[in-house]
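Summary of structural features
Read off the chains here:
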Amino acid sequence: MKIRKKLKISQTARLEILKYFVSALLVMVIGAIIILSQGNSPLEALNAMIIGSVGSPSAIGTTIRWATPSIITGIAAVIAFKSGIWNCGIEGQMYFGAFAAAIAGSAITLPRFLHIPVCLIIGGLAGMAFAFIPAILKLKLNVNELICTLMLNYAANLFTEYLVFKYMGFDASELADAIATPDMHSTARLSVIIPKTSATTAFFIAIGIAVVIYLLYRYTVKGYELKQVGENLRFSKYGGINYKRTFIMIFLLSGFISGVCGGTEMTGTFGKFRPAFATNLGWDGVMIASIAKNNPLAVIFISIIWGMLKAGSFQMERTTSTNRLVVMVLQSVFVLLVAIDYEALFKHFKEKRQIRMLRIQKEEV
Amino acid sequence: MEDIILEARHICKYFGALTANDDVSLSVRQGTVHSIIGENGAGKSTLMNIISGIYKPNGGEILVKGKHVVFRNPNDATKCGIGMVHQEFMLFQELTVLENLMMGFETKKLGGFLNKKQAAKDIQEIAEKYGFSIPLDKKVSELPVSLLQQVEIVKVLYKGAEIIILDEPTSVLTPQGIEGLFQAIRYLTKQGKTVILITHKLKEVMEISDYITVLKNGVVTGNLTPDETDEHKLANLMVGRQVLFNTQKHEKKIAEPILEIDNLTAFGSDGTEKVKHVSFSVRKGEILGIAGVAGSGQGELIEAIFGLRNPESGTITYKGENITTTSPRRKREKKIGYVPQDRISTGCNVHANLIENCIMGYHVAHKFKTPWLLGKEEASLFTRSVVENYQVKVQDIHNKIGDLSGGNIQKTIVGREFSQNNDLLIIEDPTRGIDVGAIEFIWQKIIDIAQEGVSVLLVSHELGEVMELSDRILVMYNGEIAANLENTPELDEKTIGLYMLGGKT
């Protein structure tokens, strides 16, 4: 009996891996077709992507640079989705976090070992404060959090832009590039791990966050409660979980981590806040969480692949005539393919075939 | 001899590694009542779902009137004259009876408009022919349960059913309602219709059936007629051992009240008053049964007591302390346990494993060694004790609870609530839809735990269960306590049935 059970577990795991493999293969086929249809060579494009993502130290640096925010926003999304909360406002919470961290980095003077944590925590708190709005609306007025957070993203983007103007004085400059907060002190900047790239120690912070969240779900009572609330709310209420407090907590935690992501972007890559700096980083998190099936450790691996795709796509655009948008299309296709329940699909076709066979048999009789 | 109208030959059905039906053969004669009985997980429902086209068998064949048929979907089965009345009624609350009956089977006028007049005439004819009287123009939400069942039966008749499958039809009815249903069934068979009855209640099987098929673990263990057998023999065939229906009761001391409900009023989810000024008390070591037709306010009352629903007015006092508005968390901390009626959506999380399911509530009321860390060892120890003491059939406590049968899930839930040293247990329909063996087991556990001085508030829609277990019986009717009776041997079902229908005041 025991042996059979082990076999079964490994089989489900194998199926899961097979599923990712099949999806990846399908993505490649679809990608090849798209690239061909534009009159370019898929092999050339693939070659460029590989060179651009892992071909040189600087390529690896770019991969790490893009994997970092993906991990953190991915974790922010996992926390929310695992408990059944549709926080689509990660992007907005990130903007607030980034703005607050950038200000903290330029306005306060502190020794280095304090300055970076202070920036990140202030960023996290700002993201958390912004996440408090949909949380309280949902709890008190039962406002749908999906729509609410979605809309607040625009508010966050534009409001931080306004704050930048306000902070710099309205007539700061007419140059688009100069519309930004002051440069952050060097004490607030993370170290670069691969020279001449944007790969910073933020990568380790990101992995640390993912591991902490993994441990939270695996070993703590709170993590247990968060999971149960997501899987069966009625059961949780019945079992004595204070679901209102849990809801608020999920929102705030998700917002905090989104804010920290804004913080690492500032202390790591950017060094100052520019309006609309993070196109779609929050959405990457949502996509990655759904591919990773809300598993914090899987988020790390998927994010690295995500980073490779992004880094590779820049190289591809530079050296071949294929548009970078192709990669974004393929990323979305990948999400769709992973979301398919292949097992149910397979069963459906098998049953259909069975019935057809039965029919044929009957006619023969 | 009657003709064989439906035959199933060598039906096999597997769900993954689980064998639900293994070489099951069944022949049903026209104009008879054929009962299918068996434990939960014995494969009755699977067999019926195959016959009515919901599942496809992995092997075997079905013959209707001697002809091979292959069903792609339930509509194919309907066309062959097979109609199923499900345990949960499938009616639209906000539509009238007529509209419900026409659904999916609309008579149309020229231009695609509904021809309600014609449909009403046809339905009325059918209803009269088979002795039903149903108000076609009333909304479904206004009708009592027994009438709804008639509506469901008329629905399958209207769709031209020759063979009517009734899935646990008596579980929602009062004794009087059951009598009415049986009259209707007899009338139907007299008119040449065939009825297949799925039930757990052996007494009813003996009363109504012409033929009985017993299933156990997916295999047919008996094909009998009521004359050849009795309840005990049937029970034996179902569970494969002698079942004692007489639970062991001992003399016990019933002491001071532990829970007092005073003038409690609560609203239902639809905003209407469901519990109206209810007052009663539960004493230490007492089993207080609450009987009543489904929907008489029992559910709302229990939710209000456990804190899942806010009471409108009135007070709840527990051990001398006012707990009217405290949360379920506080109530668990004060040693109140609750076995909910809906074991799938409230009682457990089907996506989680047994450990996660067993420590729900325990993690609040008992806490682990380090309060914020899950004590893995303590959790599996507690889970193992539940599994062992409550005979839950499971290979590994890391398996998902959703993969267990209904009876085993129920045993797990009962075990979880009973093993936490609670002082008050609220139990709702503890044996709904589970097999005879498990029923007997859970009943004995309830009696034993009350013996130890735990107070039990038992709500059940099975009158027999309330009468078997309770020391005292409250009857709820329309949100009020219609009767408060000591459970003496003289008390009979008829009296309580009258209270349940609001007949006596």
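These numbers were taken from a predicted model, which means no experiment stands behind them.

What chain A contains, in helices and strands, is 14 helices and 0 strands. For chain A, the N- to C-terminal ordering of α and β elements is α-α-α-α-α-α-α-α-α-α-α-α-α-α. Referenced to the eigenvectors of the C-alpha coordinate spread, the extents of chain A come out at roughly 90 × 60 × 40 Å. In chain A, which comprises 365 residues, the proportion classed as buried is 46%. For chain A, contacts bridging at least 24 residues in sequence account for 77% of all contacts bridging at least 6. For chain A, the computed accessible surface area is about 18,200 Å², with 68% contributed by carbon and sulfur atoms. Measuring between centres, the 35 positive side-chain charges of chain A sit 12 Å from its 19 negative side-chain charges.

Residue and element names in this part refer to chain A. The first and last C-alpha atoms of helix α5 (residues 112-141) sit 44 Å apart over 30 residues, in line with the 44 Å expected at 1.5 Å per residue. Where α5 bends most, the angle comes to about 25 degrees, and this point is F132, followed within four residues by the proline P134. A positive backbone phi angle near 55 degrees is found at N142, which sits one or two residues after α5.

Residues and elements named next belong to chain B. For the coordinates displayed, the defined rule picks out 26 salt bridges over all chains. The partner of E61 in a salt bridge is R9, and the shortest N-O contact between them spans 3.5 Å. With E61 in strand β4 (residues 59-64) and R9 in strand β1 (residues 4-15), this pair connects stretches of sequence that are 52 residues apart. Classification of E61 by relative accessible area gives partly exposed; the value is 29%. One salt bridge connects R332 with E417, and the closest N-O pair in it is separated by 3.1 Å. Of this pair, R332 sits in helix α10 (residues 328-333) while E417 sits in helix α15 (residues 406-418), and the two are 85 residues apart along the sequence.

Next up on the list: the interface of chain A and chain B. With 28 residues of chain A at the contact, the number on the chain B side is 44 residues. Summed over both partners, the interface of chain A with chain B comes to about 2,900 Å²; 55% of that surface belongs to carbon and sulfur atoms. Considering only the side of chain A, the residues that lose the most area to chain B are A:Y224, A:F235 and A:Y238, jointly responsible for 26% of the buried surface there. At the surface where chain A touches chain B, the tally comes to 2 salt bridges. A salt bridge links B:E356 to A:K227; its shortest N-O distance comes to 2.6 Å. Linking chain A with chain B are 19 residue pairs in polar contact (both at pLDDT 80 or more), by the criterion used here.

Residue and element names in this part refer to chain B. One ladder, built from 6 bridges, connects strand β19 (residues 472-477) with strand β20 (residues 480-486); its direction is antiparallel. Across the sheet, residue M476 finds its bridge partner in β20, namely I481. Where β19 folds back onto β20 in an antiparallel hairpin, the turn is made up of 2 residues, including N478, whose phi is positive at roughly 55 degrees.

All names here are of chain B. One open sheet holds the 6 strands; their spatial order is β16-β17-β18-β13-β19-β20, and the pairing between them is mixed. In the strand order of this sheet, the two ends are held by β16 (336-339) and β20, each with one partner. Across this sheet, the average inter-strand angle for adjacent strands is 15 degrees, counted without regard to direction. Sheet topology places strand β17 (residues 424-428) next to strand β18 (residues 455-459); 5 bridges connect them, and they run parallel. Across the sheet, residue I427 finds its bridge partner in β18, namely L458.

All names here are of chain B. A sheet is described by the order of its strands in space; here 4 strands give the open sequence β12-β11-β14-β15, paired in antiparallel fashion. One side of each edge strand has no neighbouring strand; the edge strands of this open sheet are β12 (273-283) and β15 (321-322). Of the strand pairs in this sheet, strand β11 (residues 257-267) and strand β14 (residues 313-318) are connected by 5 bridges, and their pairing is antiparallel. By the bridge assignment for β14, E260 is matched with T317.

Residues and elements named next belong to chain A. A cluster of nonpolar residues, F21, L25, M28, L43, L46, I50, V54, I60 and M308, forms a patch on the protein surface that exposes about 860 Å² of accessible area. Those elements that place two or more of their residues in the nonpolar patch are α1 (2-37) and α2 (42-54). Among the structural elements, L46 can be located in helix α2. Under the relative-accessibility criterion, L46 is labelled partly exposed at 38%.

The description of an aromatic ring pair uses the distance of the two centres, along with the angle that the planes make with each other. All names here are of chain A. In this structure the tally under the stated criterion is 20 aromatic pairs over all chains. Measuring from centroid to centroid gives 4.8 Å for F81 and W86, while their planes differ by 45 degrees, and the two rings are tilted. Overall, the relative accessible area of 11% leaves F81 in the buried class. Relative accessible area serves as the criterion here: at 43%, W86 is assigned to the partly exposed category. Plain terms: the ring middles of Y95 and F273 are 6.5 Å apart, the flat faces sit at 80 degrees to each other, and that makes the pair edge-to-face. Taken together, the residues span a long stretch of sequence, with Y95 in helix α4 (residues 90-107) and F273 in the loop between α10 (243-270) and α11 (281-291) at a distance of 178 residues. For the pair Y95 and F273, one class covers both residues: buried. Among the aromatic residues, those joined into a cluster by ring pairs are Y95, F99, F270, F273 and F277. Sitting over the face of the ring of W66, R65 holds its NZ or CZ atom 4.0 Å from the ring centroid.

About the thresholds
The numbers attached to residues start from 1 for each chain and follow its sequence in the written order. In the order they appear in the text, chains get letters beginning with A and ligands get numbers beginning with 1. Reporting of local features is limited, given that this is a predicted model, to residues whose pLDDT is at least 70; pairs of side-chain atoms are given and counted only at 80 or more, and all residues count toward the totals for whole chains, interfaces and linings. Computation of side-chain values covers all heavy atoms of the structure but excludes hydrogens and water. The helix and strand labels rest on DSSP assignments: H or I over at least four residues marks a helix, E over at least two residues marks a strand, and numbering proceeds from the N terminus. Between buried and exposed lies partly exposed: a residue is buried under 20% and exposed over 50% of the maximum accessible area for its type, with that area taken using a 1.4 Å probe on protein chains only. In this description, contact between two residues means that some pair of their heavy atoms is separated by no more than 4.5 Å. Here the accessible surface of atoms and residues is derived via Shrake-Rupley with a 1.4 Å probe, and residues count as covered only by protein chains that are part of the display. We treat Lys and Arg as the positive residues and Asp and Glu as the negative residues; His and chain ends play no part in the count. We put the charge of a Lys on NZ, of an Arg on CZ, of an Asp on CG and of a Glu on CD. A helix's residues, less one, multiplied by 1.5 Å, set its expected span. One axis is fitted to the seven residues ending at the residue and one to the seven starting there. The bend at that residue is the angle between these axes. Every case where a carboxyl oxygen of Asp or Glu lies within 4 Å of a side-chain nitrogen of Lys or Arg is listed as a salt bridge. For any pair of parts, buried area is found by adding up, for both, the accessible area (1.4 Å probe) each one loses once the two are put together. Pairs of N or O atoms are called polar contacts if they sit within 3.5 Å, as long as, within protein, a hydrogen donor faces a hydrogen acceptor (for residues adjacent in sequence, only side-chain-to-side-chain pairs). In this description, strands pair whenever DSSP reports at least two bridges between them. Fitted lines through C-alpha atoms give the axes, limited to the stretch in contact for helices. The angle between two N-to-C directions lies from 0 to 180 degrees. A patch consists of residues exposed above 30% relative accessible area that lack any salt bridge, with like charges linked at up to 9 Å and nonpolar side chains (Val, Leu, Ile, Met, Phe, Trp, Tyr) linked at up to 5 Å. Each Phe, Tyr or Trp ring (for Trp, its six-membered ring) is paired with any other whose centre lies within 6.5 Å, and the angle between the two planes then decides the class: stacked below 30 degrees, edge-to-face above 60, tilted in between. Counted as over-ring charges are cases with an Arg CZ or a Lys NZ within 6 Å of the ring centre that also lie within 35 degrees of the ring normal.

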